[in-house]
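The chain contents come next:
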Amino acid sequence: MKRLSFIFMAVLCSVLSPMPLLAQSGGSGNVDSNQGAEIAELSFPDEGDYSELGWGASFFAMHDFLSQTYAFGDWKQIPWDSMASYFGQKIMAAQADKDRNSYRIAMVEYLKCIPDGHVKITSPLDDLKERFIGGSYGLGLGELDDGSIVVAAVKPEGPAALAGICPGAHIAAWNGVPIQDALVAADTRWFKNAATKDDLALERLQALTRAPVGTQAVIEFFAATAEEQPQERDATAEESPKTRIATLTARSDNFADLALFDLAPIPTMEELRKNVEWRILDENVGYLRIYHVIHFDDYAIYPTEVTDEVVNALDAFCAAGVNSLILDLRGNRGGSDQVAADISGHFAEEPSLFERTAWYNASSGHFDYAHSDLFAQTFELGDGPLWVEPCQPHFSGKIAVLVNPATISSGEGLAMAIGRLPKATVMGFYGTHGSFGLIPWPIAMPEDISFEFPIGRSLDERGTIQIDSDVSGKGGVQPEIRIPRTWQNIAAYASGKDVELEFAKQWLLNQDPR
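Residues numbered from 1 in each chain as written. Predicted model: local features only at pLDDT ≥ 70, side-chain atom pairs only at ≥ 80, totals over all residues. Heavy atoms only, no water.

### With respect to the packing of aromatic side chains
Per the stated rule, a full pass over the model turns up 20 aromatic pairs. Seen from their ring centres, Phe59 and Tyr110 are 5.1 Å apart, and the 75° between their planes marks the pair as edge-to-face. Here Phe59 is found in helix H2 (residues 55-69), whereas its partner Tyr110 is found in helix H4 (residues 100-111), with 51 residues between them in sequence. Like Tyr110, Phe59 is buried. Ring pairing ties together the aromatic residues Phe59, Phe60, Tyr86, Phe87 and Tyr110, which thus form one cluster. Against the face of Phe72 rests Lys76, its NZ or CZ located 5.9 Å from the ring centre. The aromatic ring of Phe132 is capped on one face by Arg189, whose charged end is 4.6 Å from the ring centroid. (Phe/Tyr/Trp six-rings, centres within 6.5 Å; stacked < 30°, edge-to-face > 60°. Helix = DSSP H or I, 4+ residues; strand = E, 2+ residues; numbered from the N terminus. Buried < 20%, exposed > 50% of the residue type's maximum accessible area, 1.4 Å probe, protein only. Lys NZ or Arg CZ within 6 Å of the ring centre and 35° of its normal.)

### What about the pairing of strand S6 (residues 170-174)?
With five of five residues buried, S6 is to be regarded as a mostly interior element. Pairing geometry for S6 and strand S9 (residues 216-222), over four bridges, is antiparallel. Residue Ala173 lies in a different strand from S9, and its bridge partner there is Glu220. Turn length for the S6-strand S7 (residues 177-178) hairpin, with the two strands adjacent in sequence and antiparallel, is two residues, and the turn residue Asn175 shows positive phi of about 55°. (Pairing = 2+ DSSP bridges.)

### Examining the packing of helix H3 (residues 80-97) against H4
Here H3 crosses H4 at 170°, and the two axes come no closer than 8 Å. Considered as vectors, H3 and H4 are oriented roughly antiparallel to each other. Contacts between H3 and H4 involve Trp80, Met83, Phe87, Lys90, Ile91 and Ala94 from the first element and Ser102, Tyr103, Ala106, Met107, Glu109 and Tyr110 from the second. Of the residues contributing to the contact of H3 with H4, the split by class is nine nonpolar, one polar and two charged. (Axes fitted to C-alpha atoms, helices over the stretch in contact; angles between N-to-C directions. Parallel < 35°, antiparallel > 145°, perpendicular 65-115°, else oblique. Contact = heavy atoms within 4.5 Å. Nonpolar A, V, L, I, M, F, W, Y, C, P; charged D, E, K, R; others polar.)

### What to know about the environment of Ala415
Turning to its location among the elements, Ala415 is positioned in helix H12 (residues 410-419). With a relative accessible area of 0%, Ala415 lands in the buried category. Setting aside chain neighbours within four positions, we find Ala415 in contact with Leu329, Val401, Val403, Arg420, Val426, Thr432 and Val477.

### A short note on the sheet that holds strand S8 (residues 210-211)
Taken together, the three strands give an open sheet; going across it, the order is S8-S3-S11, and neighbouring strands pair in antiparallel fashion. Both outer strands of the open sheet, S8 and strand S11 (251-252), are each paired with one neighbouring strand and no more. Direction of pairing for strand S3 (residues 135-136) relative to S8: antiparallel, over a ladder of two bridges. Bridge pairing in S8 places Ser136 opposite Arg210.

By themselves, these figures tell us nothing about what the structure is for.
The following block contains the structure:
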């Protein structure tokens, strides 16, 4: 099929992307039906190359194409008309002034209006990122379950530490603005597109700690003692004698301080290259971590290095009499839904629907049912559901499925298919990313700006979009059990303890009748 080589490369790049990444319909999520159509090959749209046009002309041409072919426009109720008007004016003004940076900033802001982790700029914008958020205040923020914002970590000798701010400090205000309002105003433009409310909240916590180098921030906070629990103090008591004020100046850090505190870290390349990790923990609890579901070196090949290692792990668990398993999908970068469905079969008791899919069909101008086989390089029109089929070796014990917002794409499919089993329970501080669309499609714009977006939808048995976040910011695979975000857990996580893993292990042991 035409341009399949591009499709495979795009899927691979999405998996390897250092920033999270990859179904739409009318308002209800239903697709344009073509179930009675003869079997035919899906007709993909042309690649959107507008790089030779002027800034204004390219924007409006791109906007028309994107608003027609993006998989979730109606599902997320994207305000296409107002976006065209507002950003069209900004880009035309930038063109008149020959202001390249204003044009690029407008494009970034335009794409940030689409809450989808698979809508992302693929060209470098390092100069703008450095300009707007290149400075760090040297602290990492976390939000407790009661909404309190606390300092989870500080950089030694950094601006916050030198100002006397310590872990456990409770932030009351930022530059004279109540902390929750300050978070809403945080500059998240230079972060990945958040899909869910939870993901956006985490981005804001990181964005607030950054600013242009040399920018000052005045922070009001309550100093913490080792015995105090920040969530028990009154954030509104500005007259309290414990209230302190510190002025911090943002310093260049090469963006290293983003790692000070991150509840959804993306695995490193070294970790991703492991494909799968497994071991038997104390108390005979199995541990299986799956980093992705794709072949790293040849994306057109079925990733047996992943599936075979899953089989090896399950064989070892069965031989050792393991009846409790932690399935760690945190940071799973996705890859192939077929592989996700196949792995899920090792845990399933009976066949179940993984998904139906609908894609933008250039021949009809609609989103039509189609089924694909990336490994056989075929895309055919018609409703051909993907099923989870039980297979051996089979794990029949209790399962704790760990997820976080860095679990994305086909990784979310794994969490969905296994997590809905009666013997499985999904848990984590937060749910998955909420970005489950199919095939990143490329757009090329002037001034070396390029981005991609999904043109396919994953649907449930009713033909309704699944996992991808909706207009309200709800989506992803949500934990049945949310790990408490207490100060004790936040502090332990910041110190390097795997709080989620320990929580899952203890929960499983509590379920064990031994």
